[in-house]
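# Results of the structural survey
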Amino acid sequence: MYKNFLKIITFLSILVSPFLFTSAYAKTKVGFVYLTTPGDHGWTYAHELGKQMVKKEFGNDVDISIVENVPEGPDATRVIRELAKQGNQIIFTTSFGYMEPTLKVAKEFPNVKFEHMTGYKRTKNVATGNIRFYEGRYVQGVVAGLMTKTNKIGYIGAYPISEVIMGINAFAQGLRSVNKKATISVIWANTWYDPVKEADAAKVHIAEGADILAQHTDSPAMLQIAEKNGALGFGQSTDMGAFAPKAQLFASVNNWGPYYIKKIKQLKDGKWNTGDGPDHWAGNTWGGLSTNMLTLSNFSNMPTDVAKKAQAAHDGIKSGKLKIFAGPLKTNDGKEIIGAGKTLDDGALWGMNYYLEGVTGKVPK
Amino acid sequence: MENLLITILLTSIPILLAGLGELVTEKSGVLNLGVEGMMLCGAVAALGSVLIFGNPYIGILFGAVAGILISTVFSFFTITLMTNQVATGLGLTIFATALTGLIGEPFVGKTAASLPKLEIIFLSDIPYLGKILFSNDILVYFAIFLIFFIHFGFQNTKIGIIIRAVGDNHDSAHSIGYSVKLVRWISTSFGGMCAGMGGAYIPLALTPHWSEGMTAGKGWIALALVVFASWMPIRLLIGALIFGGITILQFVAQARGWDVPSQFLNMLPYLATILALALISFKLRHNNYAPACLGKHFLGNK
């Protein structure tokens, strides 16, 4: 009996081993660097969902390692280098502040492919991918303009960089397309993720009379404060409706999965590239509503006619008929940016260091 | 305006509670620099227990107990083993920051129930003041009660006077028969309890979340506040409101578009602390409010 058992085991392992060998051989090692944990239910969670799509697509053909809670700066360099040393063939670094660390490590490991999300600097083995977050913010502006009673919108920004500023301006364009009286006031949190600060900023906005809140920071804290105080707001990166069922109007949802899958496929086929685009402002992949890299969650807590207008704005942007930054455009202190009939190009978006009409205050220097 | 004042009051509660506890600890002659760490322990224990039991009042209890437990570690080292208080306090904060990060990992992204508001009948109907002062959660009332309790305790009760005696001259206190070490253990535990509750207040009332290091320096501000208030509970309230006010002011300035760099406003609380320290040491050189035995070891063990 025992002998037979051994025989069977030996037989089975001989039978299976070629498969084991081949699957191990074809396995692509993929690394991810996360800014916080997927538990933030915002930015990093959206990347986690993308990673899960990768897992679903490739199954055992990929071997994924993740490092969570990596601060932007020298620690990031160490972590990315470690991932490269461990033999990961492609490494996704998922925050803007990983730009220099990624470039630095990429130089040391020319055979490893690096994918820096939301950055703009590329080299032979560093590609960049980004989402047109601002398209969702235009739709948010439309809804805010129709829903506000006090005509005051509170906006919480992370850092005054062009990425965030173009979002504020897109929001203002949407807002002013339906409501010329409403204004946006901006509070900078000077952090991407700090629920305490985000909550403080939200409380101040509400105390100052804002009844609609929008955010370009990562936690659901703002929406929870809105929920508590009877205000309304928009979710960021993922559907945050569970945190604020009575306050969330809708959320702009980041959909990274298809991009990750595309790039890993390229690598497997030996066709990985950084794209041919000019090496400046935008990522070589900068997808929005039209490519489904950005989607909107269900419209809620609003009347159907508002939802219809929001849907129309969404459809317009998706089909390309609606141009968000179409002229005439003026800054909030009266300078003309472009005249009627013209539209800002992508390069101009990445150079934004001014607020458009509808936003109060100045961009901090 | 009303809402703004409430926000300021609530923001100052954690530093007020932690500051009051540290005041009592320091009055007994122990300098515990671990306030930040004890607050973090309180915060994570409060949030965790609320997630498990679903009741925010249990969160206060767990926060307080966690503060006491971590402070006994400090007491054991500094009072019993007589290690250096400054180094041990700093070590406590560093240790607690990492420990709470580990314990808090499963709580990230979960939401806990907040403390309910308790309106005091009649008083809460007073225009303006009623909403600001008499329509808050239990810890706000407790903090205000604590100010007067400690003030009165130090002036008029035997226990208060014993604590002061131990802090001002431990040899004399010892010679007339008081147990210096016991008094210091109890005072340090009281400080730990208050810091734990102060930390608990952050997830229970301010933002219903856990994030690593969420006290964000409030423990250090509480420490500075004690000196700022020259060891007087009522001044501590004023100081806490100023610090809370400035924290909120930097957001208000931005929301209203004032042309002041937010970094400058960020700096103000600390600038105020330095100024206060300079003033106190200049004016009161011969009449120092600091407990005379603050930070000194009590060596007698007969």
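As the structure is a prediction and not an experimental result, all values here were calculated from the model. (Residues numbered from 1 in each chain as written. Chains lettered and ligands numbered in written order. Predicted model: local features only at pLDDT ≥ 70, side-chain atom pairs only at ≥ 80, totals over all residues.)

Quick look at the overall build of chain A now. What chain A contains, in helices and strands, is 11 helices and 14 strands. Taken over the C-alpha trace, chain A has a radius of gyration of 23 Å; the compact-globule value for 365 residues is 21 Å, and the two agree within 12%. Expressed along its principal axes, the backbone C-alpha trace of chain A runs to roughly 85 × 45 × 40 Å. Residue burial in chain A is summarised as follows: out of 365 residues, 49% are buried. (Helix = DSSP H or I, 4+ residues; strand = E, 2+ residues; numbered from the N terminus. Rg over C-alpha atoms; globule rule 2.2 N^0.38 Å. Buried ≥ 20, exposed ≤ 12 C-beta atoms within 10 Å, placed from the backbone.)

In terms of helices and strands, chain B carries 12 helices and two strands. Of the regular secondary structure in chain B, the N- to C-terminal order runs α-α-α-α-β-α-β-α-α-α-α-α-α-α. Reported as C-alpha extents along the three principal axes, the dimensions of chain B are approximately 60 × 45 × 40 Å. Taking all 302 residues of chain B together, 48% fall into the buried category. Of the contacts formed within chain B by residues at least 6 apart in sequence, a portion of 78% connects residues at least 24 apart. (Contact = placed C-beta atoms within 7 Å.)

Residues and elements named next belong to chain A. Spatially, six strands are ordered β2-β1-β3-β4-β5-β11 in an open sheet, and the strand pairing comes out parallel. A strand with exactly one partner marks an edge of an open sheet, and here the two such strands are β2 (62–67) and β11 (285–287). Averaged over all pairs of adjacent strands, the angle between strand axes in this sheet comes to 15 degrees, irrespective of strand direction. With four bridges joining them, strand β4 (residues 113–117) and strand β5 (residues 126–131) adopt parallel strand pairing. Bridging from a neighbouring strand, F114 pairs with V126 of β5. With respect to the sheet, helix α4 (residues 99–108) is in contact with β3 (90–93), β4 and β5, its orientation differing from that of β4 by roughly 175 degrees. (Pairing = 2+ DSSP bridges. Axes fitted to C-alpha atoms, helices over the stretch in contact; angles between N-to-C directions.)

Moving on: the interface of chain A and chain B. In this complex, chain A contributes 26 residues to the contact, which on the side of chain B involves 22 residues. When contributions to the side of chain A that touches chain B are tallied by element, the ones reaching two or more residues are β7 (183–188), α7 (195–207) and α8 (221–229) of chain A. Among the elements that take part in the side of chain A that touches chain B, α7 of chain A stands out by supplying 10 residues, more than any other. Split into classes, the residues belonging to the side of chain A that touches chain B amount to 12 nonpolar, nine polar and five charged. (Nonpolar A, V, L, I, M, F, W, Y, C, P; charged D, E, K, R; others polar.)

Now for the environment of G157 of chain A. Residue and element names in this part refer to chain A. Within the secondary structure, G157 is located in strand β6 (residues 152–157). Along the backbone, G157 and N190 are 33 residues apart, and their C-alpha atoms lie at a distance of 7.7 Å. Those residues in contact with G157, other than ones at most four positions away along the chain, are V164, I168, V186, W188, A189 and H216.

On to the pairing of β2 of chain A. Residue and element names in this part refer to chain A. With six bridges joining them, strand β1 (residues 28–33) and β2 adopt parallel strand pairing. Bridge pairing links F32 to I66 in β2. Regarding the hand of the β-α-β motif, the stretch spanning β1, helix α2 (residues 43–58) and β2 is right-handed. (Right-handed = clockwise from strand over helix to strand, strands pointing away.)

Interface size is often expressed as the accessible area that is lost when the parts come together. Residues and elements named next belong to chain A. In terms of domains, chain A is made up of domain 1 (2–132 + 256–290) and domain 2 (133–253 + 295–349). Distance from the C-alpha centre of domain 1 to the C-alpha centre of domain 2: 31 Å. Each partner contributes to the interface: domain 1 provides 17 residues, whereas domain 2 provides 19 residues. Per-element tally for the side of domain 1 that touches domain 2: the top contributor is α2, with three residues. Grouping the amino acids of the side of domain 1 that touches domain 2 by side-chain chemistry returns nine nonpolar, six polar and two charged. (Domains from an automatic or database assignment.)

Taking 1.5 Å per residue as the helical rise, helix α3 (residues 56–80) of chain B with its 25 residues ought to reach 36 Å, and the 35 Å between its terminal C-alpha atoms agrees with that figure. Looking one or two residues beyond α3 of chain B, the residue adopting positive phi is M82 of chain B, at roughly 55 degrees. (Expected span 1.5 Å × (residues − 1).)

As a further point, take the packing of helix α5 (residues 133–147) of chain A against helix α10 (residues 304–319) of chain A. All names here are of chain A. Packing of α5 against α10 brings their axes to within 9 Å, and their N-to-C directions diverge by 155 degrees. As far as their axial angle goes, α10 and α5 are roughly antiparallel. The interaxial crossing formed by α5 with α10 has right-handed handedness. Here α5 contributes E135, Y138, V139, V142, V143, L146 and M147 to the contact with α10, which in turn contributes V306, K309, A310, A313, H314 and I317. When its residues are assigned to classes, the contact of α5 with α10 shows 10 nonpolar, one polar and two charged. (Parallel < 35°, antiparallel > 145°, perpendicular 65-115°, else oblique. Left-handed = near helix turned anticlockwise from the far one by under 90°.)

Here we come to the nonpolar core. Core analysis: the biggest nonpolar cluster contains 183 residues, and I168, A202 and A226 of chain A together with L20, Y201 and L225 of chain B have the highest contact counts within it. Among the elements that line this core, the one with the most residues is helix α9 (residues 180–206) of chain B, at 13 residues. Counting contributing residues per domain, this core is built from domain 1 (2–132 + 256–290) and domain 2 (133–253 + 295–349) of chain A, each supplying no fewer than three. If we skip the residues at most four places from it in the chain, L225 of chain B touches I15, G19, L236, G239, A240 and F243 of chain B. (Core = buried A, V, L, I, M, F, W, Y, C linked by C-beta atoms within 7 Å.)

Residues of chain B with pLDDT of at least 70 account for 95%, and the chain-wide mean is 88. For this predicted complex, the interface confidence reaches an ipTM of 0.83, while the overall pTM sits at 0.84. (pLDDT = per-residue confidence, 0-100.)

Okay, the pairing of strand β9 (residues 232–237) of chain A next. Residue and element names in this part refer to chain A. With six of six residues buried, β9 lies mostly within the body of the structure. For strand β8 (residues 212–215) and β9, the ladder comprises two bridges, and the chain directions are parallel. Following the sheet pairing, L213 is matched in β9 by G233. Handedness of the crossover joining β8 and β9 through α8 is recorded here as right-handed.

Okay, the sheet that holds β6 of chain A next. All names here are of chain A. What the six strands build is an open sheet, ordered β7-β6-β8-β9-β10-β12; its pairing is mixed. Looking along the sheet, the strands with just one partner apiece sit at the ends: β7 and β12 (294–296). The average undirected angle you get between the axes of adjacent strands in this sheet is 20 degrees. Pairing geometry for β6 and β8, over four bridges, is parallel. Bridge pairing in β8 places I156 opposite Q215. Strand contacts of α8: β6, β8, β9 and β10 (248–254), with the helix running at about 160 degrees to β9, the strand carrying the most contacts.

Residues and elements named next belong to chain B. Inspection of the secondary structure assignment puts K296 in the segment after α12 (262–283). Here K296 falls in the partly exposed class, since 14 other C-beta atoms lie within 10 Å of it. Taking the C-alpha atoms as reference points, K296 and L31, separated by 265 residues in sequence, lie 8.7 Å from one another.

A few words now on the confidence of the model for chain A. Per-residue pLDDT for chain A has a mean of 88; in total, 90% of the residues score no lower than 70. For residues 18–24 of chain A, every residue scores under 50 in pLDDT, and the model assigns this stretch one contact once sequence neighbours within four places are set aside.

For the rest of this paragraph, the subject is helix α3 (residues 74–85) of chain A. Residue and element names in this part refer to chain A. For α3, built from 12 residues, the straight-helix expectation of 16 Å at 1.5 Å per residue is met to within 8% by its first-to-last C-alpha distance of 17 Å. On its buried face, α3 sits against β1, β2, β3 and α4. Positive phi appears at G87, one or two residues downstream of α3, with a value of about 90 degrees.

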